[in-house]
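What follows is each chain in one-letter form.
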Amino acid sequence: MISAPIIWILFPFLSGLVILFGLRERMSALAGGTIAAVLSLTAMVLPIDTALLLGSISLKIASSVQFFGRSFVLHTADGTLLAMIYGLAALWFFGTEVSGTAHRFVSLGLMIVSLLTASIAVEPFLFAAVLIEMAAMLVIPLLVPPLQKPGRGVIRFLIYQTLAMPFILFSGWMLAGVEASPGDIGLTMQAGTMLGLGFAFLLAIFPLYNWIPMLCEETSPYATGFLLWALPTFTVIFGLGFLDRYGWLRTSAQLSTSIQFAGIFMVVTGGIFASLQRHIGRMLGYAAIAEAGLLILTWG
Amino acid sequence: MLSWFAAIFILLASTGALINRDWRVQLGALAAQYLAAFWLINQHLPFAMGAAKLVTGWMVVAALGMTRLSLATHVDEKDESFGTRGRSFPIVLAGVVALVTAGATPRIEAIIPGLGLQVIAGSLLLMGMGLIHLGLTSNVFHVLLGLLTMLTGFEIIYAAVESSILVAGLLALTNLGLALVGSYLLIADYSSKPIFEEQQ
C-alpha cells in the first residue's frame, strides 16, 4: 500500500531535485512534463482510498501519511483537483522547451507545485501558510536568473509573501478562540482583520498588488505567468478551506461585502491602469490583477 | 527577572542593527536577537525546541555572513544604506516602536492572558524593528535583516500559543530558506555592481 501524499507531494519534489542536479537542459522539459502528465493521469485513473483488483493483486492508495505528529491527507475528492493541477503544470513544463529556461523552470516548478499540493493536504489546514511561503521562496530563483540584479518587484514579492504567513497563522489560532466563544465580537473582529490582512498580502489585494506590474516588467513573462497561475490558485483553495472550516465566516454578511468590494475594486483599477500602460509586461501585470479580482469576486 | 533582561537585550540589539551601517555589527546583533529570543521561547516551549530555533538562527547568520564576506566592497553600498541619512531618524523610529510596545504589551496580555509581559514585549519589539528595516530601504541585505527580525518576533509569540513540532520545523525551514534565498539575491545583486578594493 502506498500513500497519496507520497505520490503527489514527495515524488514530484524529489523529481525536481533530480532534474536540478542530475539532468541536462535538453532533457529537462521532456522529463518534467512527462512526470507531471503521468501524475495527472494517475490522479484521474486511480481513486484514492479505494481498493483496486488487478488479477490477484489488490492495489490501494492510502489517503494520509503522518509526519512529525501531523497528517498530510489527500481525499478521494481531491483526485480531480490533482489531475487538473498536474495536467496544467505539464503544459507549463513542456512549454519551457520553447522559452529556453527548461532546466531551472522545470526543476523548481516541480518542487513548487509539490509544496503547494502539500499546502492543500496538510492538517490542520492553516499550516498551509508556511508551505505557501516556502513555495514563494522557491519562486525567487525562478524569477531572478543567476548574476542578474534582482528588481524591486522581486523584493516586494518576497516581503509581502513573508508578511502574509504570520498574519494567517496567528489568525488561525484566534479563530479557534472565536469558535470557543462565538459571542466575543472584539475577538471576532481582531481575528477577521488579521485573516483579511494575511490574504490581502498573499493574493495581492488592493493596494498590496504593486509588485505584480513591477515583476512583469522586470522578469521573464513565462516565469511570471507560472507564478501568477500557481500561487493564486492554491491560495484560493486555502482560503476556501477557511470558509469551509468556519461556518460563521461563510455566513458573515460583512465579510461577503468586503470580499465583493475588494474584487470589484481590483477589476476596475486593474482595467484602468492596464489601459494607461505602454509596457506590455506591465499591461499583463494589471490584466492579471483584474483577473485575480474576478477570482476574489466569486468568493463573495 | 532574567526574561526582562532578554527583552531589554532585544531592544538594544535590534536598535543596534537598525542604526549601525556595518554588516558585521548588524549580523552580530541578529545573532544576539536569536539568543534573547531563545530565552523567551523557553518560557513556553521545551528546551530542545528552543535550542533548535537558536541553532537555526545562528545557521542563518552564518550563511548570510559567509555570503557577505565573499562579496567585495561596492561603491553604492553606502549610498543605499539608510546610515547616510543620519542615525537620528532610525533612533526616533526605534523609540516609537519602544513606546508602542510599552503601551500595547499590557493590553495584549489582557486579551491573551498567560503569554507573559516579557514575551509579548520582546516579540512586539522585534516585529516593529523588522518592519522599520523593511520600510526604510530596498537594499537586499537590509530587507533580509528586516524579514528575519520580524519572523523572530513572530516566532516568540507564536511559540506561546502553538507547540507543534511540525510548525517549529517548518518555521525553521522558512528561516533557513530566507537565508538561502537572501544569499542568492545578494550574490545576484552584488555581481551586477562595479567592484572596488576592500579599503582595509
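From a predicted model like this one, the values you see are computed outputs, not experimental measurements.

A closer look at the overall build of chain B
When helices and strands are counted, chain B shows 8 helices and 0 strands. Walking chain B from its N terminus toward its C terminus, one meets helices and strands in the order α-α-α-α-α-α-α-α. Looking at chain B residue by residue over its 200 residues, the buried ones come to 46%. Summarising the internal contacts of chain B: among those between residues at least 6 apart in sequence, 75% fall at separations of at least 24.

Considering the sheet that holds strand E7 (residues 122-123) of chain A
All names here are of chain A. Read from one edge of the open sheet, 3 strands run E5-E6-E7, paired in antiparallel fashion. Looking at the sheet topology across the chains shown, the edges are occupied by strand E5 (64-67) and E7. Two strands pair when backbone bridges link them, and strand E6 (residues 70-73) and E7 are joined in this way by 2 bridges, in the antiparallel orientation. Each bridged residue has a counterpart across the sheet, and for Ser-71 the counterpart in E7 is Glu-123.

Points about the interface of chain A and chain B
Taken together, the contact between chain A and chain B spans 25 residues of the former and 27 residues of the latter. Looking at the side of chain A that touches chain B, the elements that each hand over two or more residues are helix H5 (128-143) and helix H6 (152-180) of chain A. Taken together, the residues of the side of chain A that touches chain B sort by class into 18 nonpolar, 3 polar and 4 charged.

With respect to the environment of Ser-164 of chain B
Tracing the backbone shows Ser-164 of chain B in the loop between helix H7 (140-161) and helix H8 (165-191). Ser-164 of chain B sits 115 residues away from Met-49 of chain B along the chain, and the two C-alpha atoms are 9.9 Å apart.

Some remarks on the domain arrangement of chain A
All names here are of chain A. Looking at the assigned domains, one finds that chain A contains domain 1 (1-123) and domain 2 (148-300). If you average the C-alpha positions of domain 1 and of domain 2, the two centres end up 26 Å apart. Between domain 1 and domain 2, the contact holds 10 residues from the first and 8 residues from the second. Within the residue set of the side of domain 1 that touches domain 2, elements represented by two or more residues are helix H3 (78-99) and helix H4 (102-121). Ranked by residue count, the leading element in the side of domain 1 that touches domain 2 is H4, at 7 residues. Considered class by class, the residues forming the side of domain 1 that touches domain 2 number 6 nonpolar, 4 polar and no charged.

As for the pairing of E5 of chain A
Residue and element names in this part refer to chain A. Inspection of the sheet shows E5 paired to E6 by 4 bridges, in the antiparallel sense. Bridging from a neighbouring strand, Val-65 pairs with Phe-72 of E6. Taken together, E5 and the strand that follows it, E6, pair antiparallel across an intervening segment of 2 residues, in which Phe-68 is found at a positive phi of about 50°.

Some remarks on helix H2 (residues 25-45) of chain A
Across its 21 residues, H2 of chain A extends 31 Å between first and last C-alpha, which sits within 8% of the 30 Å expected from 1.5 Å per residue. Along H2 of chain A, the positions that sit buried rather than exposed are Ser-28, Ala-29, Ala-31, Gly-32, Gly-33, Ile-35, Ala-36, Leu-39, Ser-40 and Ala-43 of chain A.

Quick notes on the rules
Residues numbered from 1 in each chain as written. Chains lettered and ligands numbered in written order. Predicted model: local features only at pLDDT ≥ 70, side-chain atom pairs only at ≥ 80, totals over all residues. Helix = DSSP H or I, 4+ residues; strand = E, 2+ residues; numbered from the N terminus. Buried ≥ 20, exposed ≤ 12 C-beta atoms within 10 Å, placed from the backbone. Contact = placed C-beta atoms within 7 Å. Pairing = 2+ DSSP bridges. Nonpolar A, V, L, I, M, F, W, Y, C, P; charged D, E, K, R; others polar. Domains from an automatic or database assignment. Expected span 1.5 Å × (residues − 1).

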